[in-house]
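Summary of structural features
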Amino acid sequence: MPDNFYNDVLIDHNLHPQHLHELPCATCSHAGVNPSCGDEITLHLQLENGVVQSGSYTGVGCAISQASADIMLDLIIGRSKENALHLAELFRKMIAGEITEPELGELEEAGALQNISRMPARVKCAVLAWKTLELLLHENK
Amino acid sequence: MNKQDFPVFAANPGLVYLDSAATAQKPQSVMDAVQHYYAAENANPMRGLYGLSVKATDAYENAREAVRNFIHAGSRKEIIFTRNATESLNLVAYSWGMQNLCGSDEILIAVSEHHSNLVPWQIVSQRTGAKLRFLECDKSGSFSEESLKNALTMHTKIFAIAQISNVFGALNPIGTFAEICHNNGTLIVCDGTQSVPHIPVDVQAIQVDFLAFSGHKMYAPMGIGVLYGRRELLESMPPFLSGGEMIEYVQRESAVYAELPHKFEAGTVNVGGAVGLHAAIGFINGIGFDRIQQHENRLATLAFAQMRDIPGVQIIGSSDAAAHHGIITFTVDGVHPHDIAAIFDADGIAIRAGHHCAQPLHQFLGVPSTVRMSIGLYNDEQDIDRFISTLKTVRRRMGYAG
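Residues numbered from 1 in each chain as written. Chains lettered and ligands numbered in written order. Predicted model: local features only at pLDDT ≥ 70, side-chain atom pairs only at ≥ 80, totals over all residues. Heavy atoms only, no water.

Bringing the pattern of salt bridges into the picture now. Residues and elements named next belong to chain B. The final tally for this structure, using the stated rule, is 21 salt bridges over all chains. As a salt-bridge pair, Asp 209 and Arg 230 come within 2.7 Å of each other at their nearest N and O atoms. Pair noted here: Asp 209 is in the loop between helix H8 (203-206) and strand S7 (210-214) and Arg 230 is in the loop between strand S8 (225-229) and helix H9 (231-236), with a separation of 21 residues, a long-range link. Residue classification places Asp 209 among the buried positions, given a relative accessible area of 0%. Salt bridges linked by common partners bring Glu 61, Arg 64, Glu 65, Arg 68, Arg 76 and Glu 265 together as one network. (Salt bridge = Lys/Arg side-chain N within 4 Å of Asp/Glu carboxyl O. Helix = DSSP H or I, 4+ residues; strand = E, 2+ residues; numbered from the N terminus. Buried < 20%, exposed > 50% of the residue type's maximum accessible area, 1.4 Å probe, protein only.)

Residues and elements named next belong to chain B. Taken as a whole, helix H7 (residues 174-183) has its buried residues at Ile 174, Phe 177, Ala 178, Ile 180 and Cys 181. Down the axis of H7, the buried set is contained in an arc of 165 degrees. They therefore lie on one face. Elements that come into contact with the buried residues of H7 comprise helix H6 (145-151), strand S5 (156-162), strand S6 (187-191) and H8. Gly 185 occupies a position one or two residues after H7 and carries a positive phi of about 75 degrees. (Arc of directions from axis to C-beta. Contact = heavy atoms within 4.5 Å.)

Glancing now at the domain arrangement of chain B. All names here are of chain B. Structurally, chain B comprises domain 1 (3-18 + 288-397) and domain 2 (29-284). Here domain 1 and domain 2 have C-alpha centroids that lie 28 Å from each other. The interface is formed by 30 residues belonging to domain 1 together with 29 residues belonging to domain 2. Across the domain 1/domain 2 interface, buried area totals approximately 2,500 Å², and carbon plus sulfur atoms make up 65% of it. Looking at the side of domain 1 facing domain 2, the largest losses of area belong to Phe 289, His 325 and Phe 364, adding up to 26% of the total buried there. Summed over the shared surface of domain 1 and domain 2, the number is zero salt bridges. Where domain 1 touches domain 2, the interface holds 10 residue pairs in polar contact (both at pLDDT 80 or more). Elements supplying a minimum of two residues to the side of domain 1 that touches domain 2: helix H11 (289-307), strand S12 (327-332) and helix H13 (359-365). Sorting elements by how many residues they give to the side of domain 1 that touches domain 2 places H13 first, with six residues. Considering only residue class, the side of domain 1 that touches domain 2 consists of 16 nonpolar, 12 polar and two charged. (Domains from an automatic or database assignment. Buried area = accessible area lost by both parts, 1.4 Å probe. Polar contact = N/O pair within 3.5 Å; in protein donor to acceptor, adjacent residues only side chain to side chain. Nonpolar A, V, L, I, M, F, W, Y, C, P; charged D, E, K, R; others polar.)

Counting residues at the interface gives 18 residues for chain A, matched by 13 residues for chain B. Where chain A abuts chain B, roughly 1,300 Å² becomes buried across the two surfaces, and 58% of that area is made up of carbon and sulfur atoms. Interface area lost by chain A to chain B is led by Asp 3, Phe 5 and Leu 15 of chain A, which between them contribute 39%. Counting across the chain A and chain B interface gives one salt bridge. Between Asp 339 of chain B and Arg 122 of chain A there is a salt bridge, with its nearest N and O atoms 2.8 Å apart. Run the count over chain A and chain B and you get five residue pairs in polar contact (both at pLDDT 80 or more). Of all elements in the fold, only helix H1 (8-15) and helix H2 (63-76) of chain A reach the threshold of two or more residues within the side of chain A that touches chain B. Broken down by element, the side of chain A that touches chain B gets its largest block of residues, three residues, from H1 of chain A. The residue makeup of the side of chain A that touches chain B, split by class, is 11 nonpolar, four polar and three charged.

Attention now moves to the sheet that holds S5 of chain B. All names here are of chain B. Spatial strand order, S2-S8-S7-S6-S5-S3-S4: seven strands in an open sheet with mixed pairing. A strand with exactly one partner marks an edge of an open sheet, and here the two such strands are strand S2 (79-82) and strand S4 (131-135). Strand-to-strand twist across the sheet, computed as the mean angle between neighbouring axes with direction ignored, equals 20 degrees. Looking at chain direction, S7 and S8 are connected through five bridges and run antiparallel. Each residue of the ladder has a partner; that of Phe 213, found in S8, is Val 226. Those strands touched by helix H4 (residues 85-100) are S2, S5, S6, S7 and S8, and its axis lies near 150 degrees from that of S7. (Pairing = 2+ DSSP bridges. Axes fitted to C-alpha atoms, helices over the stretch in contact; angles between N-to-C directions.)

Okay, the pairing of S2 of chain B next. All names here are of chain B. Side chains of S2 alternate between two faces, with Ile 79 and Phe 81 and Ile 80 and Thr 82 buried alike. Summarising the sheet, S2 and S8 pair through four bridges and their orientation is antiparallel. Across the sheet, Thr 82 pairs through a bridge with Gly 225, a residue of S8.

Let's shift gears to a negative patch on the surface. Taken together, the side chains of Asp 8, Asp 12, Asp 74 and Glu 109 of chain A make up a negatively charged region of the molecular surface. The topology assignment puts Asp 12 of chain A in helix H1. (Patch = residues over 30% accessible without salt bridge, like charges linked within 9 Å, V, L, I, M, F, W, Y side chains within 5 Å. Areas by Shrake-Rupley, 256 points an atom, 1.4 Å probe, with all protein chains shown as cover. Lys, Arg positive; Asp, Glu negative; His and termini not counted. Charge placed at Lys NZ, Arg CZ, Asp CG, Glu CD.)

On to the pairing of S8 of chain B. In terms of residue burial, S8 of chain B counts as a mostly covered element, since five of its five residues are buried. The alternating pattern of S8 of chain B places Gly 225, Leu 227 and Gly 229 of chain B on one face and Val 226 and Tyr 228 of chain B on the opposite face, and all of these are buried.

As structure tokens, this is what we get:
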């Protein structure tokens, strides 16, 4: 579809999310809200021995907030907490426009959100899932 | 009534501005009036014993008289200048509310109210113990006389409602509601923010006790607003803010407050803003409300007819375009309002997305947020055409087939 408003990766994750569901086996959850625009997601993780065994999110929000959550979960499931926090830090660097090429490679599909750094009003939408992840992992050390 | 009167369109070629319910663009005449005041008449009003200060005082008081005449108040003492409608409503809540309400009382609030006519009453409720109760509307946004009568009790001390909802655009029959309230011994505080720029408002005819509105939504500068209050109520109320300009004389432990309206205008006032508001009233009167309403209804009807044929577009509120007063709030199936607004922005069209400072209403309607387009005097058929053209592409550009 040539005239998609966002890139195909973002459009696809928004329309066909893999991780938008409840997670009965979750060991911890954390809600994240952007009060001014109404994006709200709850992140659910199954943490075992310091590793994200599985994860999901529930909630409603704009395409950017939803796709960002879905892409993030693709990336962090199977990784250690430290590794997940490292990726969150890289994501913030990318949105701040301060990321290097090799670091961008580490973010894999999340690199599709790089353009958001040029849409200041939408930065908080893109960061919501990652910010929630950081809070959740810091609470469950 | 064309874009050339509004310098913002020359500075932003191609801009389609459909967010006048958030703030209106300013005509050259308003900017000229403010510029003239600061260039030729600026001094601290009310206290200088010299010619320039008298000019500034006259400019300010002439603006007050223009506002009095515009809303048909009985006296200039009933016109208080504030920063905006929010400050006006806070003045009523803090000054009247804190003094007159106690634990057994009730505050009735229309569920469609903007946060500015809700949150101050929540605070009054928390401080005084008075209970908040809500009047609900139907899905088209209208409140019935019957439901108001049923909601009022012997304890209801005040009813808070907007004359025109900033989400539905629906006009509430304030005169009838005021009569029902007064028969119950209840005051009515009316938010006129969306009505005063669009329809003739006569505070004596509709018998409101308080009316609040903002200058910036009626083509005046930001930072100037108005509270109308019935004189005997204002006389009995304590000051809201205190300090300079609002006193008669001051001793170490006490002060005698100034007469109305100055009792409620502490500190150096916004003369430039008041002068701009005066010019904006002149601008509106020069066009006349008949033409204003005709213009807004014609464009709203044009947009409405085409929006109804676009698959996935749902209009909030009445199915009659003329009942919307130039405010059309809508959703697009499967697309979040912020994505809709971003797509419009990419096409150079400014519309509002979110909860429009009316979260309880959105909860009541069962939609987390909506998109709103609202019409001003500078809009024309081409603006509506561009709005419709973009709206038709929204679902496709978000990846939906067809």
